[in-house]
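# Report on the structure
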Amino acid sequence: MIQNHFKPAGPFAAEEVPIIQLRARLKTEIQDGNRLGLLTASATSDGHELLTVIISPLGHSVRIINSLLPHDAVTYSSLTPDIPQAHWFEREIADMWGLRPIGHPRMKSLVMHDSFPDNFFPLAAGASLPTSRMRSRRVPYRFTVVQGNGVYEVPVGPVHAGVIEPGHFRFSCLGEVIENLEIRLGFVHRGVEEHLTQCSWQSARYVVEAASSDTSAGNAVAHAFAMESLCGVTVSESVRRLRAACVEIERIACHIGDLAGICADIGFGAGSSAFGVLRAAVLGIAELLTGSRFMTGFLAPFYQRGLPDAAVLTEAASRLTEVGLQLRLTLPLLMDNAGAIERMEGMGIMKPSLAREFGLVGPAARASGIDYDVRKALPTPEYECIEWPIAIWNEGDVLARARVRAHELATSVRLAEALLTGIAVVKQPSCITRLPANATGIGIVEAWRGELIHLVQTDETGRIARYKIKDPSFNNWTALAVSVRGRLLSDFPLCNKSFSLSYSGTDL
Amino acid sequence: MIPSLIKYLQTPVQTNRNLLADLSDDNRGLPILTDSPCHHTEGCTLCAEECVASAIVLQQDREPHVTLDLGACIACGRCTDVCPTGTITVSRSTRRAVTRRDDLVLKSGDIVPVPVLASKSPFRNSMVVRYVSTGDNATDMEVGACQNPIFDVGRFGIQFTASPRFADALLIGGPVPLAMQQPLRLCLDAMAEPKVVIAVGTQAITGGLLRGRYARANGVTTVVEPDVWIPGNPPHPWLIIHGLLLAMGNPLVITP
Amino acid sequence: MSIYLVRMAIVTCEIVLLPLLLIGILRATRSRLQKRKGPRIFQPFYDFMRLTRKSAVVSEETGPLFRGAPAASLAALLILALVTPWSGLAAPISGDLVLFVFLLAAARMASGLAALDTGTAFGGLGASRESALSILVEPTLVLALAAGAIYEGNLTLNALCQPANGRGGSAYVMPLAAAAIWLAAAVETSRMPVEDPTTHLELTMIHEAQMLEYSGPRLALVEYQSALKLTVLYGLISQFILNEMAIKSSIARVSGTFGLTIAMVVAAAVMDVFLVRLHWRKLPDLLTFGLAFSLVACLLAALRG
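Residues numbered from 1 in each chain as written. Chains lettered and ligands numbered in written order. Predicted model: local features only at pLDDT ≥ 70, side-chain atom pairs only at ≥ 80, totals over all residues. Heavy atoms only, no water.

## Description of the overall build of chain A
Helices and strands together make up the secondary structure of chain A, namely 16 helices and twelve strands. Taken along the three principal axes of its C-alpha coordinates, chain A extends 60 × 60 × 50 Å. For chain A, the residues scored as buried account for 68% of the 508 residues in total. In the structure as shown, chain A presents an accessible area of about 16700 Å², 53% of it carried by carbon and sulfur atoms. Taken as two groups, the 48 positive and 52 negative side-chain charges of chain A have centres that lie 2 Å from each other. (Helix = DSSP H or I, 4+ residues; strand = E, 2+ residues; numbered from the N terminus. Buried < 20%, exposed > 50% of the residue type's maximum accessible area, 1.4 Å probe, protein only. Areas by Shrake-Rupley, 256 points an atom, 1.4 Å probe, with all protein chains shown as cover. Lys, Arg positive; Asp, Glu negative; His and termini not counted. Charge placed at Lys NZ, Arg CZ, Asp CG, Glu CD.)

## Focus on the domain arrangement of chain B
How big an interface is tends to be stated in terms of accessible area lost as the parts join. Residue and element names in this part refer to chain B. The domain architecture assigned to chain B consists of domain 1 (30–107) and domain 2 (127–253). A separation of 25 Å is found between the C-alpha centroids of domain 1 and domain 2. Contact between domain 1 and domain 2 buries roughly 1600 Å² in total, counting both sides, with carbon and sulfur atoms accounting for 63%. Considering only the surface of domain 1 that becomes buried against domain 2, I74, T94 and A97 emerge as the three largest contributors, covering 32% of it. Our count for the contact surface shared by domain 1 and domain 2 stands at zero salt bridges. Taken together, domain 1 and domain 2 are joined by six residue pairs in polar contact (both at pLDDT 80 or more). (Domains from an automatic or database assignment. Buried area = accessible area lost by both parts, 1.4 Å probe. Salt bridge = Lys/Arg side-chain N within 4 Å of Asp/Glu carboxyl O. Polar contact = N/O pair within 3.5 Å; in protein donor to acceptor, adjacent residues only side chain to side chain.)

## Brief notes about the packing of aromatic side chains
Residues and elements named next belong to chain A. On inspection of all chains with the given rule, the structure shows 18 aromatic pairs over all chains. Look at F169 and F492: their rings are 5.0 Å apart centre to centre, the planes differ by 65°, and that puts the pair in the edge-to-face class. Here the residue F169 occupies a position in strand β8 (residues 168–174), and F492 occupies one in helix α15 (residues 492–499), the gap between them amounting to 323 residues. Across the pair, exposure class does not vary: F169 and F492 are buried alike. (Phe/Tyr/Trp six-rings, centres within 6.5 Å; stacked < 30°, edge-to-face > 60°.)

## Comments concerning the sheet that holds strand β2 (residues 56–59) of chain B
Residue and element names in this part refer to chain B. As summarised here, the arrangement of the three strands in space is β2-β3-β5, forming an open sheet in which the pairing is antiparallel. Sheet topology places β2 and β5 (105–107) at the edges, where each strand pairs with a single neighbour. Each neighbouring strand pair of the sheet contributes to a mean axis angle of 25°, computed without reference to strand direction. Bridge analysis of β2 against strand β3 (residues 65–69) gives four bridges, and the strand direction is antiparallel. By the bridge assignment for β3, Q59 is matched with H65. (Pairing = 2+ DSSP bridges. Axes fitted to C-alpha atoms, helices over the stretch in contact; angles between N-to-C directions.)

## With respect to the nonpolar core
Judged by nonpolar contacts, the single largest core of 336 residues is most densely connected at A:F171, A:L334, C:F100 and C:L145. Counting only domains with at least three residues in this core, you end up with domain 1 (30–107) and domain 2 (127–253) of chain B. Not counting residues within four places of it along the chain, the set of residues in contact with A:L334 comprises A:L259, A:I262, A:C263, A:I266, A:F275, A:A340, A:I341 and A:M344. (Core = buried A, V, L, I, M, F, W, Y, C linked by side-chain atoms within 4.5 Å. Contact = heavy atoms within 4.5 Å.)

## Structural notes on the interface of chain C and chain A
Between chain C and chain A, the residue contacts involve 24 residues of the former and 31 residues of the latter. When the two sides are added together, the surface that chain C and chain A hide from each other amounts to roughly 2200 Å², 59% of it contributed by carbon and sulfur. The three residues of chain C that bury the most area against chain A are C:L203, C:V276 and C:H279, which together make up 27% of that side's buried surface. The residue A:E342 makes a salt bridge to C:K282 at a minimum N-O spacing of 2.8 Å. Broken down by secondary-structure element, the contributors of at least two residues to the side of chain C that touches chain A are α5 (121–152) and α8 (250–274) of chain C. By residue number, the principal contributor to the side of chain C that touches chain A is α5(C), which donates four residues. Among the residues forming the side of chain C that touches chain A, the class breakdown is twelve nonpolar, four polar and eight charged. (Nonpolar A, V, L, I, M, F, W, Y, C, P; charged D, E, K, R; others polar.)

## Here we look at the environment of A:C495
Residue and element names in this part refer to chain A. For C495, the location among the structural elements is in helix α15. Separated by 233 residues in the primary sequence, C495 and I262 place their C-alpha atoms 8.9 Å from one another. With near-sequence residues (within four places) excluded, C495 lies in contact with M347, G348, V398, L480 and V484.

## Here we look at the sheet that holds strand β8 (residues 169–173) of chain B
Residue and element names in this part refer to chain B. With parallel pairing, five strands are arranged side by side in an open sheet as β7-β6-β8-β9-β10. In the strand order of this sheet, the two ends are held by β7 (158–160) and β10 (228–230), each with one partner. Adjacent strand axes in the sheet meet at a mean angle of 25°, parallel and antiparallel pairs treated alike. Two strands pair when backbone bridges link them, and strand β9 (residues 196–200) and β10 are joined in this way by three bridges, in the parallel orientation. Bridging across to β10, A199 finds its partner in W229.

## A closer look at the interface of chain A and chain B
Listed per partner, the contact involves 68 residues of chain A and 57 residues of chain B. In total, about 4900 Å² of surface goes out of reach between chain A and chain B, with carbon and sulfur atoms giving 61% of it. At the junction of chain A with chain B, the criterion picks out two salt bridges. With a shortest N-O distance of 3.0 Å, B:R213 and A:E194 are connected by a salt bridge. Linking chain A with chain B are 20 residue pairs in polar contact (both at pLDDT 80 or more), by the criterion used here. Every element with two or more residues in the side of chain A that touches chain B is listed here: α3 (192–198), α4 (204–209), α7 (269–290) and α8 (310–335) of chain A.

And the structure:
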């Protein structure tokens, strides 16, 4: 049992670090075993500041570092050369705020496409999109060109062949071998963060669910934590248990869906059929608890409307037990299948050292030997209702990622059962009518793809002035691009599925 | 492996033969407007205040009445919870896809329109669908679920395809933000005539909560006018199948 | 003469109806094995009719090769269907095993050139993959057919369905040759474990990747051709098995062929559902088995002959 629980509510340790010292400071933080949770920018009364969230898995704590940029500064010295995991964060900041990192090794746009006008930075003060027929004068996006005899390019997307989200993959190949893969995202950039500063905070919970709608529960819970930490309130244990149970059920449904996808990608029809049927049973449990197969519009900050009654909870728990039994019988179809194992083994390897450098999260990180799970790193009492192991494999290949998922499925079923049995139906009315001024809140959740961070800041009138969502996929896209280097073109879909990343969560 | 395989082989066919069955009672469903008299004339504005999606409008013209746009509704269930007269109530029907946008705007006392099928649809027995996702991955998952053994769209002669050239129907999910508008146009142009366009999910119809911001995520209509509209956030697979059958002109959508 | 006409009529009927019917049976079986109700058996006919009624979108990048290729490869495959005794009856036109392999290669060349003509990355990929595999498959096919020819003492394909010696018990020549052709057929008809026929992933496609640009009536032709190829190859394999069973009467051979073909289609469906697609680099290993089978069949046939 861990003694010092992470307290999601209440003020976070915040400190000011001058921008010139930030790079050295972050370097030592990461050497000390801490994580760069997110890096973003925010507006201040006098220009901009960089916000860094540092997560300390060993100290079970979260800190915010504010670094003020000089007045009117639109550039800063890039952190990426020392901290590789900052490279996408910096590209995003440049797109959204117009703050350019000087010395970034590969600076190009990340989420803002050529179809947006030049010098349009959605979050910068006074940004507005010209309503008239606009002409983009942006420098067109340039893909990295691999030169050499016989190298050719295979462009894939943005519209993909399967029922998946849009994104563009540019493969540079030599024969069948992938020499380089560049991933171009941003096709589903919908302006979620800007929207969250414009809508009322009461309806924000519905908007965050649409940020990556397959992670509705994860986003709703992270949002609830962020809002509660902003206001410094806590909710009853029952509500927290219900939230955790929802996140676990979402994890079960999505992990099963990923395994079904892996089966489909290796052409194993029996497996995809069996897992597909099992996933439907889990969605049925979600529907029973929340009224929606994707648990949308149910979990709210500060209170919980319509706590399910005892009969529903018992029914859900017993259905979960049944799913657990079915899983035990179905998982070997894929995990003990010699043909499937041969297909997955050694495929798309992400080395632990590189995984650490890129700051991977979620099952992909745990398959590359990184002992990081928000549920353990920032432990809360509800996750200690039972003893459960963290699934770690060191191989970093597709097989390891599948094994981590299979292992986590069993854990999540046990966890969700235990969490559901401890919920007492106590109505908790919302006590918050307005948000505090000039406050900051953070919510961190281990969603099914990994560490999901919501950061919220209010202005002097108590309106949401800045809302930042860091989807777990944001950290992992680079890993996909790197892990397929030197593999065959026909292996890419399987590697892609094993990472199972969200496009809309990254593009926002 | 062997016991699992034996168990798999023993499993019966999983396909749900109860076509377009109502959603389970656990589901929040989608709202409908009944003809039970509304207190709007007496100053009740509860539903419109609760609606976060601005789907409910209190019409002030000639005769005051309430309209509910399913194309904007995010199925949160708040209006059905507060309505004191039961004018807005839950419907778990899965036959909610329509062929005219106006039919999604519900008025009190409306009769649910029975779709009129084209007498000669080129796709009645066979239709190939190309799905384009534009930023709503829960809808992607529900479209994917239509292909699982339980819902099995294949039995109606519907196949999903990898190439727009093969496709008869373009199924579009998500709010179609600015950067996806050109790719969507290209995809549409790559399809051979005759073709139908289907918008699936609230975000595809109006952009849902994300509409009206700088990224112009205002739904499919910024690029093309759909032939079939499927409401829901995300729509249940049965609703999607209902929309697909409607696009095929399949009489299953009329005879239960 | 009248017998020739009857034979011709039966073969024509089978060429028109059987391929799509077999695909329908295959898909229905596969659906059942995946625990789903699945499409009707006649669904491929509906699909075919729908495609013939559609217009075609042809990219401006393509030239006459792309437009003409489906007709050219259809011609090659129709001749193939007319020179091969795949229905259990002697083929209307007499041909030998070299012609057989040539016609398959001609059809492949037409579709490969058409794929290159589209100028798309996937077309190029598909053409390159298909030709790489065909190099590995052709020797297997030639040797397996040669084993049959050596055993029957006659190079014409028709000898396969009119066994001269009709001894049966061919000391494994016929079963081995049949197995070799079955493996080759997995490549030729893009079935598991070589290629997943249900996949939507362009990057993993081989044969399918060449056809991605076709639409409308041309697509209907292309789909019919892959079905025809499957029918001819499975019918041919049936002849080897029937020879092993020393069946001579025409009626027994036609019905036996029909039964065996359906059995093979069901087997293909089982493989589609329960096998895992092989890694591209492992495919040569699989095809080596085919080559080994056909080599041994040849040797045994030569020893017996």
